[in-house]
Amino acid sequence: MHIATIDYTDPHAPAEFASSMHATGFGVVVNHPLAETGLPEQIRQEWSRFFDTDDKWKYRNSQGQGGFFPLPVNDGPDAPKLDRKEFFQILRDGSSPEELSDSALRYFDEAGKLAASLLGWLGDAVPDGIARRFAMPLPRMLEGSLNTTLRLQRYFPATGEETEESLRGLAHTDLNLITVLPAPREPGLQVRDSAGVWHDVPCDPGAFVINAGEMLEQISAGHYRATEHRVRFPSGGDGGRSRFSMPMFLHPAGDTRLNERYTAASFLRKRIEDLRSLGWRPAPGGQADDGDRAAGTGADGERLSGRA
């Protein structure tokens, strides 16, 4: 599996990006508009310090999808089925902790613009027969969405009791339209090919990792597929450090028609029901609501694999 690294400024970038997304569900973009803002690094520094303080507990989630979600306490048989992370979620109508600057809120808007641009490339590259089925151009599907979520998350260091199969983030596909992720400093992100082999995703400093979600797969009739991915503990004894990442899960507005079967909201409800039947449970405090808030904890779609 070859996940292409695309120079955003290259005239061939739209076609190369669409080709990588079609073949693998992933693409890596460099020299993008966010490269000169310094926002990803500013956020990483601010939020890494924030997670080290007790201030985060002031924002513990009690309902809905925003706020702080600690690592669930589970020493029982289900413990291996939990991601080893804590996270804070920011939504379009949410707010950032008062202890921090507005860097995450500014990034929310800038990353949304980048995602819209990339979705435009993907829409332009699909065969005409698929494009005619779109309810609207792909970038317009983001307009008015309340479910788009920025997640600031910290994976915990290894405890020393991990096995070779231990994971920081369990294998899953994303349920949303497209995910935008500044390349984390710590390695570990992997994607699985059609033969079941796991491959490392390029994570060069300054790059953005982009992947397709299940909604994009539905919209494009499988032309762009949601590919299973996970986060491993790094090899070579580097698992003693925490790992910070900040994926942004871009969602269409709830009433956006994905295809003849689903709207964005109805598809999300169905997939959550599918996953619950397979044993997935939402994190404490986040229950699914009707309509545009149908995503449970976070509206992000980062859920365990086992697609129905």
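Here, the structure is the one placed above.
Keep in mind it's a predicted model, so treat the numbers as computed, not measured. (Residues numbered from 1 in each chain as written. Predicted model: local features only at pLDDT ≥ 70, side-chain atom pairs only at ≥ 80, totals over all residues. Heavy atoms only, no water.)

Visitor: Where do I start with the packing of aromatic side chains in this structure?
Guide: Centre-to-centre distance and the angle between the planes together describe a pair of aromatic rings. Scanning the entire structure with this criterion turns up 13 aromatic pairs. Taken together, a centroid distance of 5.2 Å and an interplanar angle of 85° make the contact between W57 and F68 edge-to-face. You can see W57 sitting in the loop between α2 (39–51) and β3 (67–69) and its partner F68 sitting in strand β3, a full 11 residues away along the chain. Look at W57 and you get partly exposed, because its relative accessible area is 41%. In this structure an aromatic cluster arises from ring pairing among W47, F50, F51, W57, Y59, F68 and F88. (Phe/Tyr/Trp six-rings, centres within 6.5 Å; stacked < 30°, edge-to-face > 60°. Helix = DSSP H or I, 4+ residues; strand = E, 2+ residues; numbered from the N terminus. Buried < 20%, exposed > 50% of the residue type's maximum accessible area, 1.4 Å probe, protein only.)

Visitor: Which parts of the structure should I look at to understand the pairing of strand β2 (residues 26–30)?
Guide: Remark: a regular strand shows side chains that alternate across the two faces of the sheet. With four of its five residues buried, β2 lies for the most part within the structure. Relative to β2, strand β1 (residues 5–7) runs parallel, the two sharing three bridges. Residue pairing across strands places T5 opposite V28, the latter belonging to β2. For the crossover that starts at β1, traverses helix α1 (residues 13–24) and ends in the parallel β2, the hand is right-handed. The sheet contact formed by β2 and strand β10 (residues 208–212) spans four bridges and is antiparallel. Looking at β10, one finds that F26 is bridged to N211. (Pairing = 2+ DSSP bridges. Right-handed = clockwise from strand over helix to strand, strands pointing away.)

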